[in-house]
Amino acid sequence: MPVAREEVFFAFEFISMGEGGDSAYLCLETGAVFCRSESGDNFEELPDDIDDHEKYVALPNPRDLDLGTRLVMRFAREELADHYGKVVEIFSRRGAYRRFKDLLEREGALDKWYAFENAAKETALREWCAGNGVVVEG
């Protein structure tokens, strides 16, 4: 069953923005996406059979797709080679993403980072979908 690209990507962003307890599920029979918020602010009721792994698949989070620190380091090597050591230092402490984005702003590379990150998300999600037998439309 095909699923709209926007549905999969919205659900992925929903998971990405959460505190780590949010999840999203894709129905392999209908292509419908269901989101579960750890805070209880669910968009709709989840189906009673959401735990049926033959029918539903849990969407990955950014760490599952290796879209965290390793992606940052790859970007730094490719686009901020002169500041690679600084990026490594930034990610050795808490609050790294805020400081990383501050560095990107100072270097005029914030838009380049967002484009790089979005392209990586797109590729990783499409590969995940293909690996799970999910046909993405759009």
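So, on to the overall build of the protein chain. Looking only at helices and strands, the protein chain has 5 helices and 5 strands in total. Going from the N terminus to the C terminus, the protein chain shows its helices and strands as β-α-β-β-β-α-α-α-α-β. Principal-axis analysis of the C-alpha atoms gives the protein chain an extent of 50 × 30 × 20 Å. Taking all contacts inside the protein chain whose residues are at least 6 apart in sequence as the whole, residues at least 24 apart take part in 56%. Entry remark: accessible area of the protein chain is about 8,400 Å², with carbon and sulfur atoms responsible for 47%.

On to helix α5 (residues 110-131). Over its 22 residues, α5 runs 31 Å from end to end, which matches the ideal 32 Å to within 8%, given 1.5 Å per residue. Every buried residue belonging to α5 is among L110, W113, F116, E117, A120, K121, A124, L125, W128 and C129, and all of these are buried. Next to the buried residues of α5 lie α1 (5-17), β4 (56-58), α2 (69-79), α4 (96-106) and β5 (135-137). A positive backbone phi angle near 75° is found at G133, which sits one or two residues after α5.

Looking now at the pattern of salt bridges. Counted by the stated rule, this structure contains 11 salt bridges. The partner of K55 in a salt bridge is D49, and the shortest N-O contact between them spans 3.1 Å. We classify D49 as partly exposed; its relative accessible area is 28%. Put simply, E122 and R126 hold a salt bridge, and the shortest N to O gap is 2.6 Å. Of this pair, E122 and R126 both sit in helix α5, 4 residues apart, which is roughly one turn of the helix. The network of salt bridges with common partners includes R5, E122 and R126.

Quick look at the environment of V3 now. Structurally, the position occupied by V3 is in strand β1 (residues 2-4). Sequence separation between V3 and V136 is 133 residues, and the spatial gap between their C-alpha atoms is 5.1 Å. Leaving out residues up to four positions away in the same chain, V3 has contacts with V8, L26, G31, V33, V134, V135, V136 and E137.

In a disulfide, the sulfur atoms of two cysteines are held together by a covalent bond. According to the stated counting rule, one finds 0 disulfides in the structure shown. With no disulfide of its own, C35 lies closest to C129 among cysteine sulfurs, the gap being 14 Å. On the basis of relative accessibility, which here comes to 4%, the residue C35 falls in the buried class. Of the residues examined, C129 reaches a relative accessible area of 1% and is grouped as buried.

Parameters at a glance
- Residues numbered from 1 in each chain as written.
- Predicted model: local features only at pLDDT ≥ 70, side-chain atom pairs only at ≥ 80, totals over all residues.
- Heavy atoms only, no water.
- Helix = DSSP H or I, 4+ residues; strand = E, 2+ residues; numbered from the N terminus.
- Contact = heavy atoms within 4.5 Å.
- Areas by Shrake-Rupley, 256 points an atom, 1.4 Å probe, with all protein chains shown as cover.
- Expected span 1.5 Å × (residues − 1).
- Buried < 20%, exposed > 50% of the residue type's maximum accessible area, 1.4 Å probe, protein only.
- Salt bridge = Lys/Arg side-chain N within 4 Å of Asp/Glu carboxyl O.
- Disulfide = S-S within 2.5 Å.

Everything listed here is a matter of geometry and, on its own, says nothing about what the molecule does.
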